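These are the residues of each chain, in order.
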Amino acid sequence: MAGVNKVILVGNLGKDPELKYFEGNIAKVSFSLATTEVYKDKAGNRNEHTEWHNIVLWRTMAENASKLLKKGMQIYLEGKLQTRQWSDKDGHKKNTTEIVAETFTLLQSRETPGSNSSGNLSSDNLPY
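How each quantity is defined
- Residues numbered from 1 in each chain as written.
- Predicted model: local features only at pLDDT ≥ 70, side-chain atom pairs only at ≥ 80, totals over all residues.
- Heavy atoms only, no water.
- Helix = DSSP H or I, 4+ residues; strand = E, 2+ residues; numbered from the N terminus.
- Buried < 20%, exposed > 50% of the residue type's maximum accessible area, 1.4 Å probe, protein only.
- Phe/Tyr/Trp six-rings, centres within 6.5 Å; stacked < 30°, edge-to-face > 60°.
- Salt bridge = Lys/Arg side-chain N within 4 Å of Asp/Glu carboxyl O.
- Pairing = 2+ DSSP bridges.
- Polar contact = N/O pair within 3.5 Å; in protein donor to acceptor, adjacent residues only side chain to side chain.

K.L.:
Requested: an account of the overall build of the protein chain, with residues and values cited.
P.N.:
Regarding its fold elements, the protein chain presents one helix and seven strands. Ordered by position in the sequence, the α and β elements of the protein chain form the string β-β-β-β-α-β-β-β. Burial status across the protein chain gives 34% buried among its 128 residues.

K.L.:
Describe the packing of aromatic side chains, listing the residues and the values that go with them.
P.N.:
This structure, assessed with the given rule, holds one aromatic pair. Residues Phe22 and Trp58 carry aromatic rings whose centres are separated by 6.0 Å and whose planes lie at 40° to one another, so their mutual orientation is tilted. Residue Phe22 is located in strand S2 (residues 18-22), and its partner Trp58 is located in strand S4 (residues 46-58); the two are separated by 36 residues in the primary sequence.

K.L.:
I'd love a proper account of the pattern of salt bridges, names of residues and values included.
P.N.:
Tallied over the entire structure, the rule returns five salt bridges. Among the ionic pairs, Arg46 bridges to Glu48, the shortest N-O distance being 3.1 Å.

K.L.:
With reference to specific residues and values, describe the pairing of strand S1 (residues 7-13).
P.N.:
The buried fraction of S1 is high, at five of seven residues. Where S1 meets strand S5 (residues 74-87), six bridges bridge the pair, whose relative direction is antiparallel. Note on S5: the bridge partner recorded for Ile8 is Glu78. Summarising the sheet, S1 and strand S3 (residues 26-40) pair through two bridges and their orientation is antiparallel. Paired with Leu13 across the strands is Leu33, a residue of S3.

K.L.:
Could you give an account of the side chain of Asn12, naming the residues involved and the relevant values?
P.N.:
Positionally, Asn12 belongs in strand S1. Separated by 3.0 Å, the side chain of Asn12 and the backbone oxygen of Gly72 make a polar contact.

K.L.:
Help me get a handle on the environment of Phe104, residues and values and all.
P.N.:
Among the structural elements, Phe104 can be located in strand S6 (residues 93-108). Assessed through its relative accessible area of 1%, Phe104 is described here as buried. For the pair Phe104 and Val10, spaced 94 residues apart in sequence, the C-alpha separation works out to 9.5 Å.

Structure (structure tokens):
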């Protein structure tokens, strides 16, 4: 039986994207994304819980994201969960879980509240 690994998030960038290039001129961009859940407790008090996600994009999509995205912008993204393992300088094994984005849409720019700038970038419609 085949599995499904699908993540859908709407949130705000916690920092500007960081663009790096690897051997073969392969681009990778990474940034943090905050998703906030608002709920009321039993007493009727409004509460918020923010979850932080590590986002990774590759190739042309990464280059486009580095040009378009800035800290505070609200985006919609779809991707998959990926866990990596490595050893630190002392030889201790480390793990990290990231979301490898396959598509994203600009929803709102925090710099210009009320604007409705939108754009859809997908790994399906970008050449790489």
